[in-house]
Amino acid sequence: MSHANAHGSTVKERADIALNDEFLRKAVKFTTERLRNGKKAASAEHGNWDEWRERGRQIRLHTIAHLDYYLNTFIENARANGVHIHFADTAAEAVEISLTIAKHVGARSVVKSKSMVSEELHLNAALEGIGVESIETDLGEYIIQLANETPSHIIIPAIHKNRYQIAELLSKDAGETLEPETKILAGFVRKKLREKFLEADIGMTGCNFAIAESGSMVLFENEGNARMVTTVPKTQITLMGMERIIPTWDDLEVMATLLPRSATGQRLTVYMSGITGPRRTDDGDGPEEMHIIIVDNGRSLQLGDPEFQELLNCIRCGACLNACPVYRHIGGHAYGGTYSGPIGAVLTPALQKNVAEWDDIANASSLCGACYEACPVKIPLHDMLVYLRRRKVQAGGGDPLEKAGMKGFQVIMTNASRFRGVLKLAKLGQPLVARDGYIKAKIGPLAGWNSYRHLPALPSDSFRDRWTTLYGELQAEAGTKSEEARRRMEAALAKRKQEGGRGHD
């Protein structure tokens with residue numbers, strides 16, 4: 001059963017489930033630490049990392065600012081290469097176009113390489129609904145497909161599972177017990193998928209980058225499955241978010257440096273495929289028919305928005321997830337949508353117009369800014385989370401008790417007399433809840449905090465209470481030091497005068 005069903009639950013409820021899943025927490029912690037350390041080492045080895053980040057940011061800013069021009073350029077060149085271009089304003093339209101193509105070619109099976117847009121559209125279920133078998137060929141995606149779950153990470157879909165859980169899933173699929181060894185498990189999947197590649201009528205991919213100047217699309221991968229998907233089946237369908245454009249192949253050099261180092265700590269991804277149209281007469285392989293579906297699905301809502309347009313700069317590396325202290329504790333399913341971590345906490349509400357179903361995930365953040373520091377194109381996700389929270393309050397959302405509490409806080413903190421009075425009252429009442437210098441009671445607003453840590457008790461004397469005595473001590477100490485300094489200066493001057501007199505003689 002998938003953990004990702006957002007309906008009828010809140011991010012806090014889903015996070016509680018994750019926090020009580022010891023296997024999940026250990027698996028996510030282990031893998032995110034490995035990825036984060038790999039990125040740190042790879043970026044340090046490369047050198048001038050911040051300069052490359054800024055170059056990547058400028059490429060993305062320029063492209064998104066002129067998205068209509070570069071999209072038109074890409075479309076013209078892709079069509080000239082023999083590609084069928086389709087436009088989908090919504091997820092439903094993208095699904096309908098995909099199903100129409102599948103029916104047109106009489107498809108019985110589809111093999112898919114990793115695609116977050118496909119997950120966004122829930123395309124597997126739609127294909128199965130018309131009797132077309134849909135098989136994920138990325139190892140992580142294949143595992144979660146067997147588990148009937150959604151990806152827990154943008155780059156590593158099955159990050160929340162350990163090898164024993166994976167061995168159990170694959171053993172059921174194989175009809176025999178498979179040892180929890182990577183080579184054995186990967187070998188089984190490789191053998192099974194080889195048959196699926198040869199039988200498939202359609203190959204379906206995502207799109208890491210689309211090159212405007214040539215009408216090409218580029219795929220990054222480590223397993224080689226995307227190359228099989230794009231060369232063996234007779235028909236290829238590429239699902240492309242409308243923002244995936246970059247102007248030139250020269251710009252790809254920057255992205256090919258930033259993305260793998262940020263995602264997995266690799267210098268280069270194992271396979272980088274540039275595909276420019278369907279098979280030509282002299283080509284040895286490739287699809288006979290190629291379709292690219294350009295998907296909007298809420299992306300254009302960010303264009304022209306000064307607070308959220310940079311969201312479209314994302315290159316889907318997943319570095320922000322690996323850096324986020326919240327994601328590292330609760331994994332991806334607690335976010336409830338296709339995209340998780342800091343990027344998901346902003347992207348999902350933004351694409352969904354921040355409807356009530358999603359507005360709580362913007363609160364799943366410490367606002368520490370680790371996501372910004374990790375992002376290879378410097379997207380200020382921590383600022384965007386604050387913007388989302390502000391918009392929620394402006395729209396009339398928010399907890400009434402929290403609002404009342406903040407108004408009370410304002411009243412107290414803007415008047416020194418009231419502040420001192422409240423502190424005195426708090427000191428009188430705190431013996432009821434404080435023990436050994438800490439407030440451990442789990443009541444009211446303290447319940448969430450004190451479930452995982454203790455709140456320090458108020459001291460018997462505050463700094464303000466002690467200030468008069470401290471100030472007197474400081475003045476006395478300063479006076480003593482001034483007197484000592486004066487005596488030393490007089491002695492030094494007298495000595496110099498005496499030495500000077502002897503020199504004159």
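Data block above holds the structure.
Residues numbered from 1 in each chain as written. Predicted model: local features only at pLDDT ≥ 70, side-chain atom pairs only at ≥ 80, totals over all residues. Heavy atoms only, no water.

Visitor: Tell me about the overall build of the protein chain, and name the residues and values.
Guide: Across its full length, the protein chain holds 21 helices and 13 strands. Whereas a compact globule of 505 residues would reach a radius of gyration of roughly 23 Å, the protein chain reaches 30 Å, over 25% beyond that. Expressed as lengths along the three principal axes of its C-alpha atoms, the size of the protein chain is roughly 105 × 75 × 50 Å. Within the protein chain, buried positions represent 46% of all 505 residues. Put simply, 71% of the contacts in the protein chain that link residues at least 6 apart link residues at least 24 apart. As displayed, the protein chain offers around 26300 Å² of accessible surface, 54% of which is attributable to carbon and sulfur atoms. Taken as two groups, the 63 positive and 63 negative side-chain charges of the protein chain have centres that lie 9 Å from each other. (Helix = DSSP H or I, 4+ residues; strand = E, 2+ residues; numbered from the N terminus. Rg over C-alpha atoms; globule rule 2.2 N^0.38 Å. Buried < 20%, exposed > 50% of the residue type's maximum accessible area, 1.4 Å probe, protein only. Contact = heavy atoms within 4.5 Å. Areas by Shrake-Rupley, 256 points an atom, 1.4 Å probe, with all protein chains shown as cover. Lys, Arg positive; Asp, Glu negative; His and termini not counted. Charge placed at Lys NZ, Arg CZ, Asp CG, Glu CD.)

Visitor: So, the side chain of E136: which residues are in play, and what are the values?
Guide: Its location among the elements puts E136 in strand β3 (residues 133-136). A polar side-chain atom of E136 sits 3.0 Å from a polar atom in the side chain of N124. Apart from the residues within four sequence positions on either side, E136 is in contact with K112, S113, E119, N124, E141, Y142, Q145 and L193. (Polar contact = N/O pair within 3.5 Å; in protein donor to acceptor, adjacent residues only side chain to side chain.)

Visitor: Give a description of the pairing of strand β10 (residues 289-295) that names residues and reports values.
Guide: Here β10 lies mainly inside the structure; six of its seven residues are buried. Two strands pair when backbone bridges link them, and strand β1 (residues 84-88) and β10 are joined in this way by five bridges, in the parallel orientation. Bridged to F87 within β10 is I294. As judged from the seven bridges shared by strand β7 (residues 235-241) and β10, these two strands associate in the parallel manner. From the neighbouring strand, T238 faces β10, where its bridge partner is I292. (Pairing = 2+ DSSP bridges.)

Visitor: Explain the sheet that holds strand β13 (residues 455-456) to me, using residue names and the numbers behind them.
Guide: In space, the three strands of this open sheet follow the order β11-β12-β13, with antiparallel pairing throughout. What marks the edges here is a single partner per strand, and that holds for β11 (434-435) and β13. Where strand β12 (residues 438-439) meets β13, two bridges bridge the pair, whose relative direction is antiparallel. Across the sheet, the residue bridging to I439 is L455, located in β13.

Visitor: Describe in detail the state of the cysteines, supporting the description with residues and values.
Guide: Under the criterion given, the structure shown has zero disulfides. Looking at the unpaired C375, the closest cysteine sulfur is the one in C317, lying at 6.2 Å. (Disulfide = S-S within 2.5 Å.)

Visitor: Help me get a handle on the sheet that holds strand β5 (residues 209-211), residues and values and all.
Guide: A sheet is described by the order of its strands in space; here four strands give the open sequence β8-β5-β6-β9, paired in mixed fashion. Looking along the sheet, the strands with just one partner apiece sit at the ends: β8 (245-246) and β9 (271-275).

Visitor: So, empty space enclosed by the protein: which residues are in play, and what are the values?
Guide: Using the criterion set out here, one finds two cavities of 30 Å³ or more in the structure. By volume, the largest cavity amounts to about 110 Å³. What lines the largest cavity is a set of 13 residues, and nearest its centre among them are C314, C317, C320, C375 and I379. In this structure, the second largest cavity encloses a volume near 80 Å³. When contributions to the lining of the second largest cavity are tallied by element, the ones reaching two or more residues are α15 (341-351), α16 (370-374) and α17 (381-394). When grouped by side-chain class, the residues that make up the lining of the second largest cavity number 11 nonpolar, four polar and no charged. (1 Å grid on protein atoms, 1.4 Å probe; cavity = no way out; pocket = protein on both sides within 12 Å on 5 of 7 lines; lining within 4 Å. Points joined across faces, edges and corners; volume = space filled by probe spheres on them. Nonpolar A, V, L, I, M, F, W, Y, C, P; charged D, E, K, R; others polar.)

Visitor: Pulling in residues and values, what's your account of the nonpolar core?
Guide: Counting residues in hydrophobic clusters, the biggest one holds 38 residues, and the most contacted among them are L311, Y335, I343, V346 and L381. At the level of elements, α1 (11-19), α2 (22-46), α13 (319-323), α14 (325-330), α15 and α17 are the ones that each hand at least two residues to this core. In terms of residue count, the dominant contributor to this core is α15 (six residues). (Core = buried A, V, L, I, M, F, W, Y, C linked by side-chain atoms within 4.5 Å.)

Visitor: Would you mind going over the pattern of salt bridges in detail, with residue names and values included?
Guide: All told, the structure shown has 22 salt bridges when counted by the stated rule. For D251, the salt bridge is made with R55, and the minimal N-O distance between the two is 3.7 Å. In this pair, D251 sits in helix α12 (residues 249-263) while R55 sits in helix α3 (residues 49-65), placing the two residues 196 residues apart along the sequence. One network of salt bridges, with partners in common, ties together E120, E243, R244, R299 and R316. (Salt bridge = Lys/Arg side-chain N within 4 Å of Asp/Glu carboxyl O.)

Visitor: Would you mind going over helix α4 (residues 67-80) in detail, with residue names and values included?
Guide: Relative to the 20 Å expected for 14 residues at 1.5 Å per residue, α4 spans 20 Å between its end C-alpha atoms, a close match to the ideal helical length. Residues L67, Y70, L71, T73, F74, I75 and A78 constitute the buried set of α4. In the stretch just after α4, G82 is the one whose phi turns positive, near 95°. (Expected span 1.5 Å × (residues − 1).)

Visitor: Could you give an account of a nonpolar patch on the surface, naming the residues involved and the relevant values?
Guide: A surface patch of nonpolar side chains, amounting to about 450 Å² of accessible area, comprises F463, W467, Y471 and L474. With respect to the helices and strands, the residue L474 is situated in helix α21 (residues 463-504). Take L474: its relative accessible area is 45%, and that puts it in the partly exposed class. (Patch = residues over 30% accessible without salt bridge, like charges linked within 9 Å, V, L, I, M, F, W, Y side chains within 5 Å.)

Visitor: I'd like to hear about the packing of aromatic side chains, residue by residue, with values.
Guide: Under the definition given, this model contains five aromatic pairs. Pairing Y69 with Y70 gives two aromatic rings, centres 5.0 Å apart and planes at 75°, and the pair type is edge-to-face. Owing to a relative accessible area of 52%, Y69 belongs among the exposed residues under this scheme. Judged by relative accessible area, Y70 falls into the buried class, the value being 13%. A cation over a ring is seen here: R53 above Y372, with NZ or CZ 5.7 Å from the ring centre. (Phe/Tyr/Trp six-rings, centres within 6.5 Å; stacked < 30°, edge-to-face > 60°. Lys NZ or Arg CZ within 6 Å of the ring centre and 35° of its normal.)

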